[in-house]
Amino acid sequence: MSGLFDLEFHEQKIKEYQPPLAKLDSVIDWEIFRKPIEEALYVEPKGAGGRPPFDKLMMFKILILQKYYNLSDEQTEFQINDRTSFKQFLGLKIGDTIPDQKTIWHFKEQLANKNLSQKLFEMFTTVLMDKGIVAKEGSIVDASFVDVPRQRNSKAENADIKKGAIPLEFAKKDKNGKRSKLAQKDCDARWATKANERHFGYKNHINADEKTKFITKYSVTNSASHDSTEIKNIVDETDNKLYADSAYRSKEIEEYLQTNGCKSYVHEKGYRENPLTQQQKESNNKKSKIRARVEHIFGFMTNSMNNALYMRSIGMKRIKESIGLLNLTYNLFRLEQLIRLKQVKI
């Protein structure tokens with residue numbers, strides 16, 4: 001038979017184990033996110049009565065834990081009900097009303113419609129810079145594939161999608177007057193091949209701080225876009241020096257960096273008729289020791305975040321929201337890690 005304080009002892013024991021969410025909760029001032037979220041999602045009350053809405057900051061924290069563990073909406077609802085550590089992170093007790101999967105999905109839709117995940121990411125990055133945690137002495141750029149569920153389309157349908165058109169079959173309305181087939185089809189994702197691996201989806205282009213490995217800027221494209229095409233969207237006059245692999249080496253990019261006062265440490269590229277000299281190879285090797293730090297970021301997303309570079313969302317608008325949350329979640333956990341290792345102070 002359970003005693004009066006058994007539940008309290010159980011919760012305390014879980015806190016002592018310090019699961020990842022508890023560690024994160026101990027260092028993040030979540031209230032900095034409240035005002036921008038509530039202002040962006042404010043809706044004029046229709047009148048008295050009805051169930052009060054869930055706290056928006058709690059809903060935001062649900063998305064952070066969902067992204068960290070790479071859970072579906074259904075799994076997120078179940079795990080919050082099932083796991084004491086999740087409830088503790090959200091400030092919930094046994095018996096409290098918990099948002100269901102439809103409520104979680106709807107909150108994500110609200111964020112996507114307001115492009116709010118990018119705004120929250122930028123706000124948090126500004127906080128890191130204002131506190132001197134990110135000094136931007138050097139930057140590293142790279143991109144990673146973000147795979148989504150593969151589509152089973154006909155050749156004709158794929159040809160239309162590649163042209164930027166919506167296939168007629170997708171646009172047909174069902175008996176309820178809705179385009180239900182189109183809602184299940186991703187017309188923005190594209191195929192790409194790298195190192196003999198096929199990818200279907202999008203790319204997360206990031207600019208990371210050389211010293212701390214925080215992501216400071218990002219942009220999102222489909223998988224078919226070349227890594228270098230986003231350089232002007234993620235590198236500007238605030239970057240002092242830039243490390244990148246040879247995919248980013250071109251006359252246009254070198255001129256752009258020079259115009260913005262950014263010193264280039266981009267790997268030099270060899271050609272069949274003009275191979276790299278020994279000096280250029282040695283220079284590239286030195287640059288690689290710093291450039292490789294960006295791989296740690298994508299490694300964390302893949303390993304610690306349960307393959308978070310695979311997403312269930314459909315369409316560019318939702319993917320942008322999801323990738324924005326992914327990059328913000330990574331930065332939050334990176335801050336906790338650096339504080340725990342006593343490499344930064346807040």
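Up top is the structure these notes are about.
About the cut-offs
- Residues numbered from 1 in each chain as written.
- Predicted model: local features only at pLDDT ≥ 70, side-chain atom pairs only at ≥ 80, totals over all residues.
- Heavy atoms only, no water.
- Core = buried A, V, L, I, M, F, W, Y, C linked by side-chain atoms within 4.5 Å.
- Buried < 20%, exposed > 50% of the residue type's maximum accessible area, 1.4 Å probe, protein only.
- Helix = DSSP H or I, 4+ residues; strand = E, 2+ residues; numbered from the N terminus.
- Axes fitted to C-alpha atoms, helices over the stretch in contact; angles between N-to-C directions.
- Contact = heavy atoms within 4.5 Å.
- Nonpolar A, V, L, I, M, F, W, Y, C, P; charged D, E, K, R; others polar.
- Phe/Tyr/Trp six-rings, centres within 6.5 Å; stacked < 30°, edge-to-face > 60°.
- Lys NZ or Arg CZ within 6 Å of the ring centre and 35° of its normal.
- Salt bridge = Lys/Arg side-chain N within 4 Å of Asp/Glu carboxyl O.

1. Quick look at the nonpolar core
Among the nonpolar cores identified, the biggest contains 71 residues, and Trp30, Phe33, Phe60, Met301, Leu332 and Leu335 are the most heavily contacted of them. No other element matches the 12 residues that helix α16 (residues 316-340) contributes to this core. Counting residues in each nonpolar core, the second largest holds 13 residues, with Ile231, Ile234, Ala244 and Tyr248 among its members.

2. Let's talk about the packing of helix α14 (residues 278-291) against helix α15 (residues 293-303)
Where α14 contacts α15, the axes come no closer than 5 Å and their chain directions differ by 35°. Within the contact between the two elements, α14 uses Lys289, Ile290 and Arg291 and α15 uses Arg293, Val294 and Glu295. Along the lines of polarity and charge, the residues of the contact of α14 with α15 split into two nonpolar, no polar and four charged.

3. Overview of the packing of aromatic side chains
Taken as a whole and judged by the stated rule, the model has 12 aromatic pairs. Judged by centre distance (4.9 Å) and plane angle (90°), the ring pair of Tyr68 and Tyr69 falls under edge-to-face. Summarising the burial analysis for this pair, Tyr68 and Tyr69 share the class buried. When the ring of Tyr68 is compared with that of Phe333, the centres are 4.0 Å apart and the planes differ by 10°; the resulting orientation is stacked. Highlighted residues: Tyr68 in helix α4 (residues 56-69) and Phe333 in helix α16, separated in sequence by 265 residues. Each member of the pair Tyr68 and Phe333 is classed as buried. Three or more aromatic residues link up through ring pairs in this structure, and these residues are Trp30, Phe33, Phe60, Phe89 and Phe124. Taking NZ or CZ as reference, Arg83 lies 5.3 Å from the ring centre of Tyr69, over its face.

4. Structural notes on the pattern of salt bridges
In total, this model carries 15 salt bridges according to the counting rule given. One continuous salt-bridge network, built from bridges that share partners, spans Glu31, Arg34, Glu38 and Asp55.

5. What about unusual backbone geometry?
Positive phi values are uncommon outside glycine, yet Asn70 reaches one of about 50°. Within the element layout of this structure, Asn70 appears in the loop between α4 and α5 (73-82).

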